[in-house]
Amino acid sequence: MKLNNKNILFSIVSMLFVCSWAWSQNGKAFTVILDAGHGGKDPGNSYHGFVEKEIALKTTLKVGKLLESEKDIKIIYTRTTDVFIELVNRPKVANKANANLFVSIHCNSVTNQVPSGTETFVMGLSRANMNLEVAKSENSVILLEDNYKETYQGFDPKKPESLIGLTMMQEENLNSSIDLATKIQDNFTNNLERKSRGVKQQPLWVLDAAYMPSVLIELGFLSNKEEGEFLNSDEGQNKMASQIAEAIIKYKKEYFNEAYNTNENVKYLDRKVVKEVAEPIAVKAEETAPTANVKEGLYKIQLFATSKKRETTSPDFKGLKNISFTLENKLYKYFYGSAVSLEEAKKLNEEAKNQGFPDSFIVTTVGGKTAAFK
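Computed from a prediction, not measured in an experiment: that's the story for all the values here. (Residues numbered from 1 in each chain as written. Predicted model: local features only at pLDDT ≥ 70, side-chain atom pairs only at ≥ 80, totals over all residues. Heavy atoms only, no water.)

### Considering the packing of helix α8 (residues 225–232) against helix α9 (residues 234–255)
So, point 1. At their nearest, the axes of α8 and α9 sit 4 Å apart, and the two run at 80° to each other. For the element pair α8 / α9, the angle class is roughly perpendicular. Residue-level inspection shows Phe-230, Leu-231 and Asn-232 of α8 in contact with α9, the latter providing Asp-234, Gly-236, Gln-237, Lys-239 and Met-240.
So, point 2. When grouped by side-chain class, the residues that make up the contact of α8 with α9 number three nonpolar, three polar and two charged. (Axes fitted to C-alpha atoms, helices over the stretch in contact; angles between N-to-C directions. Helix = DSSP H or I, 4+ residues; strand = E, 2+ residues; numbered from the N terminus. Parallel < 35°, antiparallel > 145°, perpendicular 65-115°, else oblique. Contact = heavy atoms within 4.5 Å. Nonpolar A, V, L, I, M, F, W, Y, C, P; charged D, E, K, R; others polar.)

Structure below.
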């Protein structure tokens, strides 16, 4: 892959877009969308007299009440009563509000009444491309708003450089989603001693269509009578809500930096990005212009990301060799193989999928940094 002026320009603009998008949110309250699953004519799961839509709503409202007592947190609900909300409209609420987080709350069930435990889902990697297309469509409403250029600091959903920035943001959103999901699961396990079924990636529409960090929480199994009784009780809902709220507050403290709170700071940091990011990219372009590939290892296959470190010989890699990893934002990203050519990378990606990693994807390596290959 040869770096040319167009690549450099897009890289610079993309970095500035991602930075300005994130910093623009620091000028307002930290906004959390709380989505109580199901409702109205859609009851969700029903076992032993326990109804998902009722438990989800009660727990969601309790989470909201706890968060509303915190400084600089704004709560928006997709529903506060027993009404039916179309699935497609739930993430639209979050996108329209330019929210910081989207949190959807549900309950599980299976025909076998033995399984129990909590689990939290994040966007499926296999739908990352679709997520971008959905976000592009949703973002078009920005053009109908007054002063959208000032509000969104130059973001234009029709311009390719803005969409490149959005692609970069989607990958970062996935990492942030996994981090929030991990905090929630750890709270359930460590503070309430609930069984954890882990953090999982699934192609769920309600998550894919939101263009901010998003999680879907399964509080437990209503089909398990003991767990259903706990979740159906006021005490159980208070305890679960408390742990969700605590995880969100902890996430806010780590990711929502109030230090960058003015336009002057944004302008200063934008110039800093141009100096510290653009210049090295330009140097790299000059060094590599004569060749088609920057170096061996230009392409790798990302298998998954997790907050817990794994040995590269772990059975979690299902027999795949040549495993490497990076640590970014407290998340370990694990990769399989390395390739100079894209064709070779596609073969490696196919091997990973056949070996049991259906959501694997190709990343590029330039200057020691990795980014999803589009």
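### Some thoughts on the pattern of salt bridges
So, point 1. What the rule picks out here adds up to 11 salt bridges.
So, point 2. A salt bridge links Asp-179 to Lys-183, with the nearest nitrogen and oxygen atoms 3.0 Å apart. In this pair, Asp-179 and Lys-183 both sit in helix α6 (residues 160–192), four residues apart, roughly one turn of the helix. Here Asp-179 and Lys-183 have matching classes, each one buried.
So, point 3. One salt bridge in this structure joins Lys-239 and Glu-235, with 3.1 Å as the shortest N-O distance. Here Lys-239 and its partner Glu-235 are both found in helix α9, four residues apart, which amounts to about one turn of the helix.
So, point 4. Residue Lys-239 is classed as partly exposed on the basis of its relative accessible area of 34%.
So, point 5. Among the charged side chains, a network of salt bridges with common partners joins Glu-119, Arg-197 and Lys-200. (Salt bridge = Lys/Arg side-chain N within 4 Å of Asp/Glu carboxyl O. Buried < 20%, exposed > 50% of the residue type's maximum accessible area, 1.4 Å probe, protein only.)

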